[in-house]
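# Structural features, examined
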Amino acid sequence: MSKQAKRIQAWTGDRSVAHPVEAAVKLVRENAKAKFDESIEIAVNLGVDPRHADQQVRGVVSLPSGTGRDVRVAVIAKDAKAAEAEAAGADIVGGEELVERIQGGFMEFDRVIATPDMMALVGRLGKVLGPRGLMPNPRVGTVTPNVAQAVKDAKGGAIEFRTEKTGIIHAGIGKASFSDEAILANVKALVDALNKAKPSGAKGTYVKKISLSSTMGPGFRVETGSVGA
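The following refers to the structure shown. Computed from a prediction, not measured in an experiment: that's the story for all the values here.

## Structural notes on the overall build of the chain
A tally of helices and strands in the chain yields 8 helices and 10 strands. Computed over C-alpha atoms, the radius of gyration of the chain comes to 19 Å, within 12% of the 17 Å expected from 2.2 N^0.38 for 229 residues, which places it in the range of a compact globule. In terms of overall dimensions, the chain has C-alpha extents of about 55 × 45 × 30 Å along its principal axes. Going through the 229 residues of the chain one by one, you find that 47% of them count as buried. When contacts within the chain are restricted to residue pairs at least 6 apart in sequence, long-range pairs at least 24 apart make up 72% of them. Approximately 11,500 Å² of the chain is accessible, and the part contributed by carbon and sulfur atoms is 49%.

## Examining unusual backbone geometry
Of note in the backbone geometry, D79 takes a positive phi value of approximately 55 degrees without being a glycine. Structurally, D79 can be placed in helix α3 (residues 79-88).

## Description of the packing of α3 against helix α7 (residues 147-156)
Packing of α3 against α7 leaves a shortest axis separation of 8 Å and a crossing angle of 25 degrees. In this view, α3 runs roughly parallel relative to α7, as classed from their interaxial angle. Where α3 crosses over α7, the handedness of that crossing is right-handed. Across the interface between the two elements, K81, E84, A85 and A88 from α3 touch V147, A148, V151 and K152 from α7. Residue composition of the contact of α3 with α7, grouped by class: 5 nonpolar, no polar and 3 charged.

Rules used throughout
- Residues numbered from 1 in each chain as written.
- Predicted model: local features only at pLDDT ≥ 70, side-chain atom pairs only at ≥ 80, totals over all residues.
- Heavy atoms only, no water.
- Helix = DSSP H or I, 4+ residues; strand = E, 2+ residues; numbered from the N terminus.
- Rg over C-alpha atoms; globule rule 2.2 N^0.38 Å.
- Buried < 20%, exposed > 50% of the residue type's maximum accessible area, 1.4 Å probe, protein only.
- Contact = heavy atoms within 4.5 Å.
- Areas by Shrake-Rupley, 256 points an atom, 1.4 Å probe, with all protein chains shown as cover.
- Axes fitted to C-alpha atoms, helices over the stretch in contact; angles between N-to-C directions.
- Parallel < 35°, antiparallel > 145°, perpendicular 65-115°, else oblique.
- Left-handed = near helix turned anticlockwise from the far one by under 90°.
- Nonpolar A, V, L, I, M, F, W, Y, C, P; charged D, E, K, R; others polar.

The following block contains the structure:
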């Protein structure tokens, strides 16, 4: 029997029903048995059609327990703002020369922040950063004159969310090594942010389905009412 088959046979918990969020978190952590610290991920099916402008869901939320990831932050700024970004802990800081590096294929970062005065240059990166979901956007706080705070937020657990073409939000909300309480706090913070970001064009049931899983483990459905959805 293959290692994968043995791993699947070892999974515990009923995957055919929706569980209260506390039980779902516990099951996900119990089944995260890989030799590395697995990521805990959430998938939220929303009753929206992102093809319509008035049904798009996008925003940013600070997870109270952090993400457990070391987020590499690039800041496109100059002069005093560049210095502020460096002091706040940005991993890569630059102006036009950084834009040129990214155009040349440099992608060693997880978040890009830019000051408003640099957006004429940053606009050149739309085709490079856009498909990766990394294009700076004022709606999610990544185009801002307050680069120091934006860097601290990114490093401290702020994540962006946006609906995919099928109306699903995917996000990493912690690690298997987190406590149940820490993951639960992050789940509730994200769902609360999604509720607040409900678009005007959304009709009927807004949060249709929530699932939690780990990198190598099974997925478990969550009772939407148990997280206030």
